[in-house]
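The chain contents come next:
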Amino acid sequence: MESSEKDTLAPLPSVVRSGSIAISVVGIISFISTLALFIYLSFKLVRWHLGRGSGGITRHKTPGYVFASGPVKFGPAHDAAKLAGAEPTVDAASLAPSVGSGGPRYPNQFIVLIVNLLVADLHQAIAFAISTVWVAEDSITVGTGTCFTQGLFVSLGDLASSCFMSAIAIHTFYSIVYQYRPPHKILYLSILSIWAFVFLIVLLPVAGTANGAEAGGFFVRAGAWCWINKDYGNIRLLTHYIFIFVSIVLSWVLYTAVFLSLRRQHRRGDLSAKNTGYHHPAFLIYPVIYLVCILPLATGRVATMAHHEPPVAYFCFAGVLAASNGWLDVLLFTVTRRSIVFAHGGDFGNEDTGVDTFAFMASAPRKTFGNTIFVRGGREEETTPRGGWWRILGDPEEQAQKPTKLGNNTSQTSLAYTEQNAIQMEIITSVVVEDDKSENLYKKHFPDSTSIRSM
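Description of the structure in this document. Computed from a predicted model, the values in this text were never measured in an experiment.

Rules and cut-offs
Residues numbered from 1 in each chain as written. Predicted model: local features only at pLDDT ≥ 70, side-chain atom pairs only at ≥ 80, totals over all residues. Heavy atoms only, no water. Helix = DSSP H or I, 4+ residues; strand = E, 2+ residues; numbered from the N terminus. Buried < 20%, exposed > 50% of the residue type's maximum accessible area, 1.4 Å probe, protein only. Contact = heavy atoms within 4.5 Å. Phe/Tyr/Trp six-rings, centres within 6.5 Å; stacked < 30°, edge-to-face > 60°.

1. Notes on the environment of Leu113
Thinking step 1. With respect to the helices and strands, Leu113 occurs in helix α4 (residues 109-129).
Thinking step 2. Overall, Leu113 belongs to the buried group, its relative accessible area being 3%.
Thinking step 3. As for Leu113 and Met165, which are separated by 52 residues in sequence, their C-alpha atoms are 8.9 Å apart.
Thinking step 4. Once residues lying within four places of it in the same chain are set aside, the contact partners of Leu113 are Ala167, Ile168, His171, Leu187 and Ile191.

Right, here's the structure in full:
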């Protein structure tokens, strides 16, 4: 079969036919689920952009300031009113800085990246769904537009998915570990560059080989579907699989670094209650899903280049896993980051990574009495990680302990960054209702507390 692998196959052997049916079904499932989420997010984005199209300019508070209700009881306004013998009349809400919405409005960066990943997954799902044609015709016909389209979409989908999975991993790493997000214009320019790179890498070899004129076609039958001719093994490796392997390694390194860094912060008690899910091992499911879907097929193709070609049944199984990449991405992001995927109204503009929804995987937090207050202020201007390039994956809190040009004051470097120099205070109150047993236990330990409790 090796000599005729790139030729038309008719009729389909039973193993190829069964494998093509499985690939087609999974590909259609991925296409429907990916398209549904893409349409939903696109509709929400358009609705969010047009949400304030009518009416005047709405102003909202800038995060990073202490907000209170009622008269101000501190600061110059309070002192001036006290000296004048009057009650302060300045309300705290009026002192909160506000930003007009007349300027450009940008959605959550992670939503933008998810939408582009869904477009890449659509390319991949379409490629495998085309196998329904081979099942219907009982043949894989080389030299047809269907074969060329399937091979083209396989290359585009695989490469684009790996690129955007890497982009999401990089964005998550810097957003969570270093609290840094690129400007929106830089993000959009990067996305355009990724798509330009993908189409350039895929189409240049087609043009450079005159669509494989010397080898019987560039996109021909490769097992149970159409892809790059096996005579162009170097092109397969240099324009496709090398980027997939880099994406796999990069995703594992970055997500593991995020997991370890936040786990250290959790053990030191530096994480707020909102982030209780970050340190859970389920956080590593991102690279695991990508690895399971892509690695078997990539390994089989590389083995073919080394003249150790696996059987067709192996490629059919690997094709089913690759075709599952779309619906698994939809399931993964809608479950683990549902707080931003299903955000309401103006929440689409909040720069939230959404990973805090991993808390559903963790055990319930222990309930305690009392209030928890977090006071955080601005970080010094020096934001470049110290210690050289080898410390880039380290813990930023540990790096903050090193003296900087501002001195040895570690209280500044450990506080959260805000858009302007400010102190942010969050007050979390837990209300616990005591039942009769708690009441009896209280009286048992404090028998003379009746007069105190009645106050």
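2. Focus on unusual backbone geometry
Thinking step 1. In this structure, the amide linkage connecting Ala10 to the following residue, Pro11, adopts the cis form with an omega of -5°.
Thinking step 2. Among the structural elements, Pro11 can be located in the segment before α1 (14-50).
Thinking step 3. Even without being a glycine, Ala210 presents a positive backbone phi close to 55°.
Thinking step 4. Structurally, Ala210 can be placed in the loop between α7 (184-208) and β3 (219-221).

3. Remarks on the packing of aromatic side chains
Thinking step 1. Taken as a whole and judged by the stated rule, the model has 15 aromatic pairs.
Thinking step 2. When the ring of Trp227 is compared with that of Tyr241, the centres are 5.5 Å apart and the planes differ by 70°; the resulting orientation is edge-to-face. Here Trp227 is found in strand β4 (residues 226-228), whereas its partner Tyr241 is found in helix α8 (residues 233-268), with 14 residues between them in sequence.
Thinking step 3. Connected via pairs of aromatic rings, a cluster forms that spans Phe148, Phe218, Phe219 and Tyr232.

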